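# Descriptive structure summary
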Amino acid sequence: MKRLGLYIHIPFCQKKCNYCDFYSLTCINRLSEYICAISKQIENDSPLYKDYEIDTVFIGGGTPSLVLPKDFNSLVNSIKNNLNLTQGCEFSLEANPGTLTKEKLIAYKNAGVNRLSMGLQSTNENELKMLGRIHTLDDFEESFRLARECGFDNISVDLMYSLPNQTKKDFIKSLKDVISYNPEHISSYLLKIEKNTYFGKIENSLSLPDDDEQYNTYILMCELLEKNGYMQYEISNFAKKGYESNHNKRYWLSEEYVGIGPSAHSYFNGKRYSYKSNLEEYLSELSQAGTVKKIYEAENDEFEAQITKSDEYLMLKLRLSDGINQNEYFSRFGEELLEKYPKLKSYVSLGYMKLKDNSYSFTPKGFFVSNYILTDILSFGQNS
Ligand SMILES: C[S@@+](CC[C@H](N)C(=O)[O-])C[C@H]1O[C@@H](n2cnc3c(N)ncnc32)[C@H](O)[C@@H]1O
Ligand code: SF4
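Residues numbered from 1 in each chain as written. Chains lettered and ligands numbered in written order. Predicted model: local features only at pLDDT ≥ 70, side-chain atom pairs only at ≥ 80, totals over all residues. Heavy atoms only, no water.

### Structural notes on the overall build of the chain
What counts is decided by this rule: Each helix is a run of DSSP H or I of at least 4 residues and each strand a run of E of at least 2, with the numbering of both proceeding from the N terminus. What the globule rule says is 2.2 Å times the number of residues to the power 0.38, and the radius of gyration is computed from C-alpha atoms. The classification of residues rests on relative accessible area computed with a 1.4 Å probe and restricted to protein chains. Under 20% of the type maximum is buried, over 50% is exposed, and intermediate values are partly exposed. Accessibility throughout is a Shrake-Rupley quantity obtained with a 1.4 Å probe, and a residue counts as covered only by protein chains that appear here. Positive charges come from Lys and Arg, negative ones from Asp and Glu, while His and the chain ends are left out of the count. The atom standing in for a charge is NZ when the residue is Lys, CZ when it is Arg, CG when it is Asp and CD when it is Glu.
The number of helices and strands found in the chain is 18 helices and 15 strands. The C-alpha radius of gyration of the chain comes to 21 Å, within 12% of the 21 Å expected for a compact globule of 384 residues. Its C-alpha atoms give the chain principal-axis dimensions of about 55 × 50 × 40 Å. Every one of the 384 residues in the chain was classed for burial, and the buried ones make up 54%. Here the chain has roughly 17900 Å² of accessible surface; of this, 49% comes from carbon and sulfur atoms. Charged side chains in the chain number 44 positive and 52 negative. The centres of these two groups are separated by 2 Å.

### A look at the pairing of strand 5 (residues 155–161)
Within a regular strand, side chains alternate between the sheet's two faces. The condition that has to hold: Two strands pair under a simple rule: DSSP has to find at least two bridges between them.
The element strand 5 is largely enclosed, with a buried count of seven among its seven residues. Residues Ile-155, Val-157, Leu-159 and Tyr-161 line one face of strand 5 and the alternating positions Ser-156, Asp-158 and Met-160 line the opposite face, and both faces are buried. Strand direction decides the pairing type here: strand 4 (residues 115–121) and strand 5, joined by five bridges, are parallel. Of the residues in strand 5, the one forming a bridge with Gly-119 is Asp-158.

### Re helix 2 (residues 69–82)
We count it as follows: Expected helix span is computed as 1.5 Å times (number of residues minus one). Contacts were defined at the residue level, with two residues in contact if any of their heavy atoms lie within 4.5 Å.
Counted at 1.5 Å a residue, the expected span for helix 2 with its 14 residues is 20 Å, and the 20 Å between its end C-alpha atoms agrees. For helix 2, the complete set of buried residues consists of Pro-69, Asp-71, Phe-72, Leu-75, Val-76, Ser-78 and Ile-79. Elements in contact with the buried residues of helix 2: strand 1 (2–10), helix 1 (31–45), strand 2 (52–61), strand 3 (85–94) and helix 3 (102–111).

### So, the site of ligand 2
Here is the rule we go by: Any residue with a non-hydrogen atom lying within 4 Å of a molecule or strand is treated as near it. Amino acids are sorted into nonpolar (Ala, Val, Leu, Ile, Met, Phe, Trp, Tyr, Cys and Pro), charged (Asp, Glu, Lys and Arg) and polar (every other residue, Gly among them).
Residues in contact with ligand 2, as listed here, are Cys-13, Lys-16, Cys-17, Tyr-19, Cys-20, Gly-62, Thr-63, Asn-96 and Arg-133. Broken down by class, the residue content of the shell around ligand 2 amounts to four nonpolar, three polar and two charged.

### Here we look at helix 18 (residues 370–378)
Where we set the bar: This arc corresponds to the set of directions leading from the helix axis out to the C-beta atoms.
Of all the positions in helix 18, only Ser-370, Ile-373, Leu-374, Ile-377 and Leu-378 are classed as buried. Seen from one end, helix 18 has its buried residues packed into an arc of 125 degrees, which puts them on one side. For helix 18, the exposed residues lying more than 90 degrees away from the buried face are Asn-371 and Tyr-372.

### Considering the site of ligand 1
Note the following rule: Polar contacts, as counted here, are pairs of nitrogen or oxygen atoms within 3.5 Å of one another; within protein the pair requires one atom able to donate a hydrogen and one able to accept it, and residues that are adjacent in sequence qualify only if both atoms are side-chain atoms.
Around ligand 1, a shell composed of 16 residues is seen, among which Gly-62, Gln-121, Arg-133, Asp-158 and Lys-192 lie nearest. Backbone polar atom of Gly-62 to a nitrogen atom of ligand 1: 2.7 Å apart, as the coordinates give it. Contact between ligand 1 and Asp-158: an oxygen atom at 2.6 Å from a side-chain N or O atom of the residue. Broken down by secondary-structure element, the contributors of at least two residues to the shell around ligand 1 are strand 4, strand 5 and strand 6 (185–190). In the shell around ligand 1, the residues fall into six nonpolar, five polar and five charged.

### Overview of unusual backbone geometry
The peptide bond linking Gly-61 to Gly-62 adopts the cis configuration, its omega dihedral lying at 15 degrees. Its place among the elements puts Gly-62 in the loop between strand 2 and helix 2. One non-glycine residue, Ser-162, lies in positive phi territory at about 60 degrees. Structurally, Ser-162 is set in the loop between strand 5 and helix 6 (168–181).

### Remarks on the packing of aromatic side chains
Applied cut-off: Centres within 6.5 Å are what make two rings of Phe, Tyr or Trp a pair, Trp counting through its six-membered ring; a difference in plane orientation under 30 degrees is then read as stacked, over 60 as edge-to-face, and the rest as tilted. Definition used: whenever NZ (Lys) or CZ (Arg) falls within 6 Å of the ring centre and also within 35 degrees of the ring normal, the charge is taken to sit over that ring.
Scanning the model with the defined rule gives 23 aromatic pairs in all. Among the aromatic residues, ring-to-ring pairing joins Tyr-161, Phe-171, Tyr-215, Tyr-218 and Phe-368 into one connected group. The ring of Tyr-267 has Arg-272 lying over it, and the distance from NZ or CZ to the ring centre is 3.9 Å. Note that Lys-294 overlies the ring of Tyr-273, its terminal NZ or CZ placed 5.3 Å from the centroid.

### Concerning the domain arrangement of the chain
Size of an interface: often given as the accessible area lost when the parts come together. Heads up, the condition is: Boundaries of every domain are those given by an automatic assignment or by a domain database. The term buried area means the drop in 1.4 Å probe accessible area that two parts suffer when joined, counted for both and summed. A pair is scored as a salt bridge if a Lys or Arg side-chain nitrogen falls within 4 Å of a carboxyl oxygen belonging to Asp or Glu.
For the chain, the domain assignment lists domain 1 (2–252) and domain 2 (307–384). Each of domain 1 and domain 2 was reduced to a C-alpha centroid, and the two centroids are 29 Å apart. With 14 residues of domain 1 in contact, the opposing surface of domain 2 contributes ten residues. Carbon and sulfur atoms supply 67% of the area buried between domain 1 and domain 2, which totals about 1100 Å² over both sides. Three residues, Tyr-215, Ile-235 and Trp-252, lead the burial of domain 1 against domain 2; their summed loss comes to 46% of the area buried on that side. Viewed at the interface, domain 2 and domain 1 are joined by one salt bridge. A salt bridge links Glu-234 to Arg-319; the shortest N-O distance between them is 2.5 Å.

### Things to note about the sheet that holds strand 13 (residues 324–325)
Taken in spatial order, the three strands make up an open sheet running 13-15-14, and their pairing is antiparallel. Single-partner strands in this sheet number two, and they are strand 13 and strand 14 (353–356). Alignment of strand 14 against strand 15 (residues 359–362), held across four bridges, turns out to be antiparallel. Directly across from Lys-356, in strand 15, lies its bridge partner Ser-359.

Written out as structure tokens, the structure reads:
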């Protein structure tokens, strides 16, 4: 049977954080209605997935841990009753400090959740306030402790770096604090100032670390994590051995997944599509037609339309520390990797990439500037 990942988007948050552009709304009184609607959608869509086994489920957001145990159980029942889940399926849930209780954690555990991803962002109280987070460090510590007590033995913690006014030393303090909690997985993202957020609106007044400071922080972060047993497997993701996120890896390995909910993306039957970021329309289409209009990528974005399948494969594979293998590329596309992308070689001599076991991959220094390097390697118009 073919394998598939399932992503469920929960587009609700108690409060919008100052930096966040993920699709979520604060009308949490509509959560139960939403859960009921997408549970029905899963049932309606299930014939499409009858030849597939789901080996990763990821419930993300927004803030999935706002969902009440009774609603959570009906969502999981709909997933389990309508889809084929593998034995040992990786089942992740984004759980925010400040929204977790022991009762919820027990319900998640009993429903089959076996991996929690907790957004902390910083261990500095002033930074948490500046980011607009709803929780304190104490809230996080209590949530983490409760999660362990309830038997969660696979926990990931999210951090962000290069925050306004943050020095390298400030971030390293947060990172060391997180390492001391001993999670199995750490994601650490460079803060991106998104146009449609509060930070986007006040960008000119923010004092952000310059490129050199960002670069030095990134390199130090990679070294410190590796020294403490967290292997880098993607630009922003680090895990103890055996604890990489299989669900997130499938995005970068060009494996299939379906996303449910407004703004969710899918790669299914060789096609990429998404749903519009609009809860109202999503719910009304579902109630009227039992299904939601899909926006296929080529219709959606001119830039995407220019990217060939091999370009897309290269870009996704190079996000992973394992990189892109020359033999695999040849068997997939019937041409030599270096013939198509000759510039790869020059980045090895410059120290931005390495060639090991027939695979090209970024070094930490290369990861930091990977967007620029990829644009150069792909050199649209010359390769196609
Ligand atoms: C899908 S978000 C939601 C996670 C969860 N709701 C939370 O806040 O903990 C996953 C992660 O993306 C990261 N993130 C969100 N917006 C970001 C931004 N503008 N720049 C960098 N990282 C960002 C944060 O670390 C966040 O924990
Ligand atoms: S970072 Fe998380 S909690 Fe904050 S607005 Fe975004 S999705 Fe919601």
